[in-house]
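# Coordinate inspection notes
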Amino acid sequence: MDVYVNKTRCTGCQHCKDVCPVAVFEMHSRKDLEKANADTAPEGMKWDGKTIDPSDYAKWKDVQDGHKHFADENDGTSGGLSVAVAGSACILCQACLIECEGECIHIIDDSGVKYDSIYK
């Protein structure tokens, strides 16, 4: 199982980390490129320190739901970037795919089938 996060679309909502029953995800600082890119995201989906998808930014920047969207640092509840540090532990429950605000999570199962997040 391979799990990765498109960092250009991650809002930092932390829903993936909160709902994952097997701790696939960790939240890391947007300022630490090495840790932010510690999953298997392909080029173009890695964090370069500045690129945020403009449509995601426009959609979430002013939403007042208790999350710190696009904040550099995680405060334990939101902010930072999601990193799939334990993708091989994924049990394909798909909870993260439904809860991901930025629709940035991608899972490829062992037979090569790809699953992409679609926010509820």
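The following refers to the structure shown. As the structure is a computational prediction, the values presented were derived from the model and not from experiment.

Reading the values: rules and limits
Residues numbered from 1 in each chain as written. Predicted model: local features only at pLDDT ≥ 70, side-chain atom pairs only at ≥ 80, totals over all residues. Heavy atoms only, no water. Pairing = 2+ DSSP bridges. Helix = DSSP H or I, 4+ residues; strand = E, 2+ residues; numbered from the N terminus. Axes fitted to C-alpha atoms, helices over the stretch in contact; angles between N-to-C directions. Buried < 20%, exposed > 50% of the residue type's maximum accessible area, 1.4 Å probe, protein only. Polar contact = N/O pair within 3.5 Å; in protein donor to acceptor, adjacent residues only side chain to side chain. Phe/Tyr/Trp six-rings, centres within 6.5 Å; stacked < 30°, edge-to-face > 60°. Lys NZ or Arg CZ within 6 Å of the ring centre and 35° of its normal.

### Focus on the sheet that holds strand S4 (residues 105–108)
The antiparallel open sheet is built from three strands, whose spatial order is S1-S4-S5. Sheet topology places strand S1 (2–5) and strand S5 (114–116) at the edges, where each strand pairs with a single neighbour. Neighbour-to-neighbour, the strand axes of this sheet turn through a mean angle of 15 degrees, independent of strand direction. Summarising the sheet, S4 and S5 pair through three bridges and their orientation is antiparallel. Across the sheet, histidine 106 pairs through a bridge with aspartate 116, a residue of S5.

### Topic: the environment of aspartate 109
Here aspartate 109 lies in the loop between S4 and S5. Judged by its relative accessible area of 12%, aspartate 109 falls in the buried class. Between the C-alpha atoms of aspartate 109 and glutamate 34, which are 75 residues apart in sequence, the distance is 25 Å. A distance of 2.9 Å separates a polar atom in the side chain of aspartate 109 from a polar atom in the side chain of serine 111.

### Overview of the packing of aromatic side chains
Applying the stated criterion to the full structure yields two aromatic pairs. Residues tyrosine 57 and phenylalanine 70 carry aromatic rings whose centres are separated by 5.1 Å and whose planes lie at 55 degrees to one another, so their mutual orientation is tilted. Pair noted here: tyrosine 57 is in helix H3 (residues 54–60) and phenylalanine 70 is in the loop between H3 and strand S3 (81–84), with a separation of 13 residues, a long-range link. Overall, tyrosine 57 belongs to the partly exposed group, its relative accessible area being 39%. With a relative accessible area of 11%, phenylalanine 70 lands in the buried category. Between tryptophan 60 and tyrosine 119, the aromatic rings sit 5.6 Å apart at their centres with planes inclined by 80 degrees, giving edge-to-face as the arrangement. Taken together, the residues tryptophan 60 in helix H3 and tyrosine 119 in the segment after S5 connect sequence positions 59 residues apart. Given a relative accessible area of 7%, tryptophan 60 falls into the buried group. Between the NZ or CZ atom of arginine 30 and the centre of the ring of tryptophan 47, over which it lies, the distance is 5.1 Å.

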